[in-house]
Amino acid sequence: MNWFGFILAQCLNALSQASILFFIACGLTLIFGIMRIVNFAHGVIFMLGAYVGYTANVVTGSFLVSLVVAPVVVGLVGMAFERTLLRHLYGRRDGGAYLLLTFGLAVVLSEVIRLIWGVQPLGTGIPDFLRGVVIILDQPFPLYRLFLIGLGVAAAIAIWQFLERARPGLLIRAVSQNSEMVHALGTDVDMVRTAVFGFGCALAAVGGVLAAPLVTAFLGMGTSVVIDAFVIVIIGGMGSFLGSIIGSVLVAFVQVMGAYYFQDLALALMYLLMLLVLIIRPGGLLGKED
Amino acid sequence: MTSKEKYRVKAVTRRQVLEATVAGTALVAAPAFLRHALAADPIKIGIPTVITGGYAILGSQVQRTCRLVKKMTDAKGGVIGRPIEFLFQDTQGDPAMCVRKSQELVERDNCRILTGVIVSSEASAMLPKLEEWNAVFLSHGNGDGRLTAELFVPRFFRANTSAPMGARALALYLKDAPEKKFIAIASDAAWGRSSNAAFEEQIKAVGKDLVDKIYAPVANKDYSTYITKILQSGAQGCYVALQGDEARAFYSQAAQYGLAQRVQFFTEIVAQADIKVLGKDSLGLVGSSRYPVTYDIPENRAFLAAFQAEYKNEIPDWTDGEMYQALMILFAAIEKAGSAEPTKIIPAMEGLDVTSVKGPVLMRKCDHQGENQGFVVKVVKNDKFAEPVGEIIKTYPREMTTPDCRSASFRAR
């Protein structure tokens with residue numbers, strides 16, 4: 001294999017990984033940006049997406065249908081949680097209450113998943129049209145990973161355009177900057193918060209459905225992913241959508257290249273990158289330093 | 001009919017009286033015997049295992065086999081006339097938590113027999129405490145070779161095939177295999193490193209070349225980098241010492257890259273849970289098996305039948321087979337000692353030779369390692385089972401696959 005082909009393969013590996021990381025980190029950062037809540041349950045919500053996607057896939061026989069059903073179901077679960085429990089804490093100044101509540105949600109959801117689907121891991125196949133490899137400079141590369149890259153890029157552009165150009169996107173950005181003013185202008189801020197929380201959960205669920213064919217759906221699958229997502233959000237800047245894209249790509253490249261060239265330091269490299277960014281820009285690459 | 005003839009017909013003969021007496025005694029005495037067994041103090045066995053967390057599936061297999069064994073053993077009147085009681089604690093796969101939960105089992109529940117520990121690092125964390133606890137610890141599945149070598153303590157026994165033993169069986173098989181160049185990928189944990197080190201030593205000893213070795217971080221999810229590295233290495237065979245979530249992620253992603261068409265996989269542990277999830281992607285996988293479900297001997301046939309009757313045709317995994325074997329060895333030692341006291345079980349278990357579901361096993365005295373036969377299997381479809389299973393392609397005698405005493409090496413073999 002030539003050197004260029006190898007580097008290209010590694011770049012594609014990193015981009016496919018960045019795509020899944022983007023879906024979970026983007027949801028996390030949107031929720032933080034609007035609500036100033038660090039959602040500790042995000043990893044379990046990602047896992048719930050994988051399990052709901054598995055069931056939808058089994059019932060309908062379509063992976064693509066599961067990609068729609070899982071985010072809708074999980075988004076509704078997220079919205080129900082926000083409306084029934086999270087909302088009562090908005091008046092409190094301490095962030096600890098949010099941490100405890102979302103941590104509690106993570107524990108409860110994990111047990112619910114265990115009771116419904118059991119401890120046995122569940123294998124999710126990929127559709128036939130995404131099976132197989134394409135040969136890129138003598139290097140086989142899975143079609144499914146190309147699909148991940150394409151979907152990630154498409155989703156990033158769509159969400160960016162939505163936030164920048166659509167009226168609901170404008171409202172979301174306005175609420176993140178000054179919710180009291182938006183409320184005074186007659187917008188139902190509570191509704192915006194509910195919708196954003198549900199949307200963030202739905203994005204994590206998409207990540208779960210996409211990750212299941214790579215790692216299978218199993219209890220605990222969200223644990224390490226959510227740590228990666230937190231690192232991404234810190235690197236990109238808490239609440240910054242563009243930051244979550246840049247963070248996802250950076251973390252994925254560091255993981256892939258680190259695993260190849262610095263095997264013994266593979267885990268530490270991601271945290272070293274985070275430390276480096278925090279030293280240079282304490283608020284993250286595109287975040288505010290407040 | 002005369003009155004004399006009538007009398008003869010209605011008369012109860014001496015034989016009938018004797019038969020009725022024997023039957024009546026048996027009828028009354030049998031439940032009394034069972035009542036006695038079940039009323040006696042139970043033999044408590046502590047199971048500090050993984051109930052939640054990444055290795056929960058292995059813990060669930062330990063629990064289901066324990067429940068089955070309890071049912072089977074109590075139905076036979078228990079062990080030394082006493083019923084069995086299993087007490088489960090969740091260690092979450094964390095060594096510190098495992099020590100804490102084991103201490104609870106010992107001090108609060110008075111369990112002096114411990115088994116069912118999942119992770120090797122948990123097992124090694126427990127070893128220094130066994131003397132203080134006055135407990136005996138029997139491994140059913142801990143693979144780290146050091147546990148019966150440099151970490152040896154007199155109160156620890158290993159009934160199962162260790163990582164070096166699994167690697168040894170595979171290396172013996174690969175001696176005659178067409179593949180010349182190998183690459184190894186292992187979990188960066190005590191078991192994975194132990195397995196890889198043993199494979200490296202063994203494969204070089206049979207004259208083959210190990211071109212590279214990869215240690216993937218524990219709980220790693222993306223193997224694309226490593227798969228690219230394997231493709232680049234030019235190796236014809238890949239030794240895989242990954243299990244659980246890691247193994248499934250690796251094989252799923254390797255299948256997507258079409259890696260199996262370029263490189264033959266050889267694994268230290270063939271796990272049914274992985275086969276179940278991977279489905280047809282698992283076909284053709286060759287590996288060492290700690291418990292080959294297809295092993296056709298009466299002991300295994302009986303276990304398989306009981307297991308499938310209890311769990312609706314579920315196929316027992318290697319953890320089930322190894323857990324069952326460990327408990328059979330433990331019960332044989334208790335019967336031999338006539339006591340469930342650790343200080344009496346230890347000498348009884350040393351040198352104990354038992355025929356289990358995996359054939360003859362000798363609990364050797366010098367390092368408390370169970371001498372197990374080595375099995376190499378290939379994953380194929382089998383009409384008797386709903387899923388593909390490991391079919392035995394080679395069996396090695398226990399003397400060939402067990403390392404030197406208090407060592408993970410095979411220099412004297």
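Our structure's up above, just so we're on the same page.
Each chain carries its own residue numbering, running from 1 in the direction its sequence is written. Written order determines the labels here, with chains lettered from A and ligands numbered from 1. Reporting of local features is limited, given that this is a predicted model, to residues whose pLDDT is at least 70; pairs of side-chain atoms are given and counted only at 80 or more, and all residues count toward the totals for whole chains, interfaces and linings. Excluding hydrogens and water, the side-chain values take into account all heavy atoms of the structure.

**Q** Tell me about the pattern of salt bridges, residues and numbers included.
**A** Here, a salt bridge means any Lys or Arg side-chain nitrogen found within 4 Å of an Asp or Glu carboxyl oxygen. For the structure on display, the rule yields 29 salt bridges over all chains. For Arg145 of chain A, the salt bridge is made with Asp222 of chain B, and the minimal N-O distance between the two is 3.1 Å. Placement of Arg145 of chain A in helix α5 (residues 143–165) and of Asp222 of chain B in the loop between β7 (209–216) and α9 (224–233) is noted, with the two residues assigned to different chains. Take Arg145 of chain A and Asp222 of chain B: they sit in the same class, and that class is buried. With a shortest N-O distance of 3.2 Å, Arg398 of chain B and Asp353 of chain B are connected by a salt bridge. For the purposes of this entry, the term helix denotes a DSSP run of H or I that reaches at least four residues, the term strand denotes a run of E that reaches at least two, and both are numbered from the N terminus. The buried label goes to any residue with under 20% of its type's maximum accessible area, the exposed label to any with over 50%, and the partly exposed label to all in between, with areas taken from a 1.4 Å probe on protein chains only.

**Q** Just give me the short version of the sheet that holds β7 of chain B, but keep the residues and values in it.
**A** Residues and elements named next belong to chain B. Spatial strand order, β7-β6-β8-β9-β10-β14-β15: seven strands in an open sheet with mixed pairing. Two strands lie at the open edges of the sheet, namely β7 and β15 (389–396), each paired on one side alone. Averaged over all adjacent pairs, the angle separating strand axes in this sheet is 25 degrees, with direction ignored. Only heavy atoms enter the contact rule, under which two residues are in contact if any of them lie within 4.5 Å. What counts as an axis is a line fitted to C-alpha atoms, over the stretch in contact for a helix, and the angles between N-to-C directions run from 0 to 180 degrees. The strands touched by helix α8 (residues 190–205) within the sheet are β6 (181–187), β7 and β8 (237–241), with β7 carrying the most contacts at an inclination of about 180 degrees. Across the sheet, helix α10 (residues 245–256) lies against β6, β8 and β9 (264–267), angled at about 175 degrees from β9, the strand it touches most. A pair of strands counts as paired when DSSP detects no fewer than two bridges linking them.

**Q** Can you explain the pairing of strand β10 (residues 286–289) of chain B? Please cite residues and give values.
**A** Residue and element names in this part refer to chain B. Both β9 and β10 contribute to a ladder of two bridges, which runs parallel. Opposite Thr267, over in β10, you have Gly287 as the bridge partner. The parallel pair β9 and β10, bridged by helix α11 (residues 272–278), forms a crossover whose chirality is right-handed. Look down the strands so they point away from you; if going from the first strand over the helix to the second traces a clockwise path, that crossover is right-handed.

**Q** An account of the state of the cysteines is requested, with residue identities and associated values reported.
**A** Criterion for a disulfide: a pair of cysteine sulfur atoms within 2.5 Å. Under the defined criterion, the tally for this structure stands at one disulfide over all chains. The residue that forms a disulfide with Cys366 of chain B is Cys405 of chain B, at a sulfur-sulfur distance of 2.0 Å. Judged by the torsion about the S-S bond (135 degrees), the Cys366 of chain B/Cys405 of chain B disulfide is right-handed. In this pair, Cys366 of chain B sits in the loop between β12 (359–363) and β13 (370–371) while Cys405 of chain B sits in the segment after α15 (398–401), placing the two residues 39 residues apart along the sequence. The exposure class of Cys405 of chain B is partly exposed, given its relative accessible area of 35%. No disulfide involves Cys26 of chain A; its sulfur sits 12 Å from the nearest other cysteine sulfur, which is in Cys201 of chain A.

**Q** Can you break down the nonpolar core residue by residue, with the values?
**A** Side-chain atoms within 4.5 Å link the members of a nonpolar core, which is a set of buried Ala, Val, Leu, Ile, Met, Phe, Trp, Tyr and Cys residues. Of all hydrophobic cores here, the largest spans 120 residues; its most connected members are Leu210 of chain A together with Phe250 of chain B. Of all hydrophobic cores here, the second largest spans 75 residues; its members include Val206, Ala273, Phe303 and Ala326 of chain B.

**Q** Let's hear about the interface of chain A and chain B: which residues, and what values?
**A** By convention, interface size is frequently given as the accessible area that disappears when the constituent parts associate. Of the residues lining the interface, 36 residues belong to chain A; the matching set on chain B comes to 31 residues. The quantity reported as buried area is the accessible area (1.4 Å probe) lost by two parts once they are put together, taken as the sum for both. Considering only the side of chain A, the residues that lose the most area to chain B are Gln120, Tyr260 and Gln263 of chain A, jointly responsible for 19% of the buried surface there. Between the two partners, chain A and chain B, sit one salt bridge. For the purposes of these results, a polar contact is taken to be a pair of N or O atoms within 3.5 Å, where, inside protein, one atom must be able to donate a hydrogen and its partner to accept one; residues adjacent in sequence count only when each atom of the pair is a side-chain atom. The interface formed by chain A and chain B contains eight residue pairs in polar contact (both at pLDDT 80 or more). Mapped by element, the contributors of at least two residues to the side of chain A that touches chain B are α1 (3–35), β1 (133–136), β2 (139–142), α5, α7 (189–215), α9 (241–261) and α10 (266–280) of chain A. Considering each element in turn, the side of chain A that touches chain B owes the most residues, five residues, to α1 of chain A.

**Q** A description of the side chain of Asn57 of chain A should follow, citing residues and the corresponding values.
**A** Residue and element names in this part refer to chain A. In this fold, Asn57 is placed in helix α2 (residues 42–60). A residue is classified by how much of its surface remains accessible, and Asn57, at 15% relative accessible area, is buried. Those residues in contact with Asn57, other than ones at most four positions away along the chain, are Ser62, Phe63, Ser66, Thr124 and Gly125.

**Q** Tell me what's going on with the packing of helix α13 (residues 318–337) of chain B against helix α14 (residues 342–349) of chain B, and back it up with residues and numbers.
**A** Residue and element names in this part refer to chain B. One can describe the packing of α13 onto α14 by two numbers: an axis separation of 8 Å at closest approach and a directional angle of 105 degrees. By the angle between their axes, α13 is roughly perpendicular relative to α14. Together, Ile329, Leu330, Ala333, Ile334, Lys336 and Ala337 of α13 and Lys344, Ile345, Pro347, Ala348 and Met349 of α14 make up the contact between the two elements. Its residues assigned to classes, the contact of α13 with α14 shows nine nonpolar, no polar and two charged. Roughly parallel covers angles under 35 degrees, roughly antiparallel covers those over 145, roughly perpendicular covers 65 to 115, and oblique covers all other angles. Note on residue categories: nonpolar means Ala, Val, Leu, Ile, Met, Phe, Trp, Tyr, Cys or Pro, charged means Asp, Glu, Lys or Arg, and polar means any other residue, Gly included.

**Q** How would you sum up the side chain of Thr401 of chain B? Please name residues and give values.
**A** With respect to the helices and strands, Thr401 of chain B occurs in helix α15. What makes Thr401 of chain B buried here is its relative accessible area of 1%.

**Q** Residue-level account of the sheet that holds strand β2 (residues 84–90) of chain B, with values.
**A** Residue and element names in this part refer to chain B. Taken in spatial order, the five strands of this open sheet run β2-β1-β3-β4-β5, and their pairing is parallel. The sheet is open, and its two edges are formed by β2 and β5 (156–158), each paired on a single side. On average, adjacent strands in this sheet sit at an angle of 25 degrees to one another, irrespective of strand direction. Each of β1 (43–49) and β2 is contacted by helix α3 (residues 56–75), which is oriented at about 165 degrees to β2, the strand it contacts most. Relative to the sheet, helix α4 (residues 95–107) contacts β1, β2 and β3 (113–115), its axis offset from that of β2 by approximately 145 degrees.

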